[in-house]
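# Structural overview for review
These are the residues of each chain, in order.
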Amino acid sequence: MTAEPLVRDIMHTPPVKVTPITPVNEAAQIMMDKGVGSLIIVDDNDNLIGIVTKTDIVREVVAKGLSRNVPVGNIMTKNPYFVLEDYTVKEAAELMGTHNIGHLPVLSRNNMKPVGMISKRDIIRLAPHYITLVYVLQSQVEKR
């Protein structure tokens, strides 16, 4: 058992999923309605096949003047990096930092199906707690 926080402790659930044929305009509306910055793209068997972010929509559709009806499958990141729900937050942060990505789908170790999403913002929310913990531990050491 680890004392470190796990991805499952801070991930957003349930994951917001769409299929690759979902039009970009519909995907953007789902993101707005759900208050998320990315969507997990799944096949008919609920297997992870991609991810699409707000940035992808701006870069690949808006900036290029493409139709808002283009399917997200045309602009998604295929075979994205992911983490399992029992990974530590540190492992997720390292993966994000190494590959310069802001969102990671979270999969179940049992069936490898999407169970959540973790973002850089989720990790940043932990920072104040760690800072406080460092000061508490430091003061305890100084008292000894």
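Report on the accompanying structure. (Residues numbered from 1 in each chain as written. Predicted model: local features only at pLDDT ≥ 70, side-chain atom pairs only at ≥ 80, totals over all residues. Heavy atoms only, no water.)

### Regarding the packing of helix H2 (residues 24-34) against helix H3 (residues 54-62)
Definition in use: Axes here mean lines fitted to C-alpha atoms, for a helix over just the part in contact, with angles spanning 0 to 180 degrees between N-to-C directions. Secondary structure is summarised from DSSP: a helix means a run of H or I of at least four residues, a strand means a run of E of at least two, and numbering begins at the N terminus for each. Roughly parallel means an angle under 35 degrees; roughly antiparallel means over 145; roughly perpendicular covers 65 to 115; every other angle is labelled oblique. Crossing handedness follows the turn of the near helix against the far one: under a right angle anticlockwise gives a left-handed crossing, and clockwise gives a right-handed one. For this analysis, residues touch if any pair of their heavy atoms sits within 4.5 Å.
At a minimum axis distance of 11 Å, the contact between H2 and H3 shows a crossing angle of 150°. Relative to H3, the element H2 is oriented roughly antiparallel. Crossing geometry of H2 relative to H3 is assigned as left-handed. Contact with H2, carried on its side by Val24, Ala28 and Met31, involves Lys54, Ile57 and Val61 of H3 and no other residues of that element.

### Remarks on the pairing of strand S6 (residues 103-107)
For the record, the criterion: Throughout, exposure labels follow a simple rule: accessible area from a 1.4 Å probe, protein chains only, divided by the maximum for the residue type, with under 20% read as buried, over 50% as exposed, and the rest as partly exposed. Two strands make a pair as long as DSSP finds a minimum of two bridges between them.
Counting buried positions over the five residues of S6 gives four, a clear majority of the element. Pairing of strand S5 (residues 83-84) with S6, which is carried by two bridges, proceeds in the parallel orientation. Following the sheet pairing, leucine 84 is matched in S6 by leucine 107. Looking at chain direction, S6 and strand S7 (residues 114-119) are connected through five bridges and run antiparallel.

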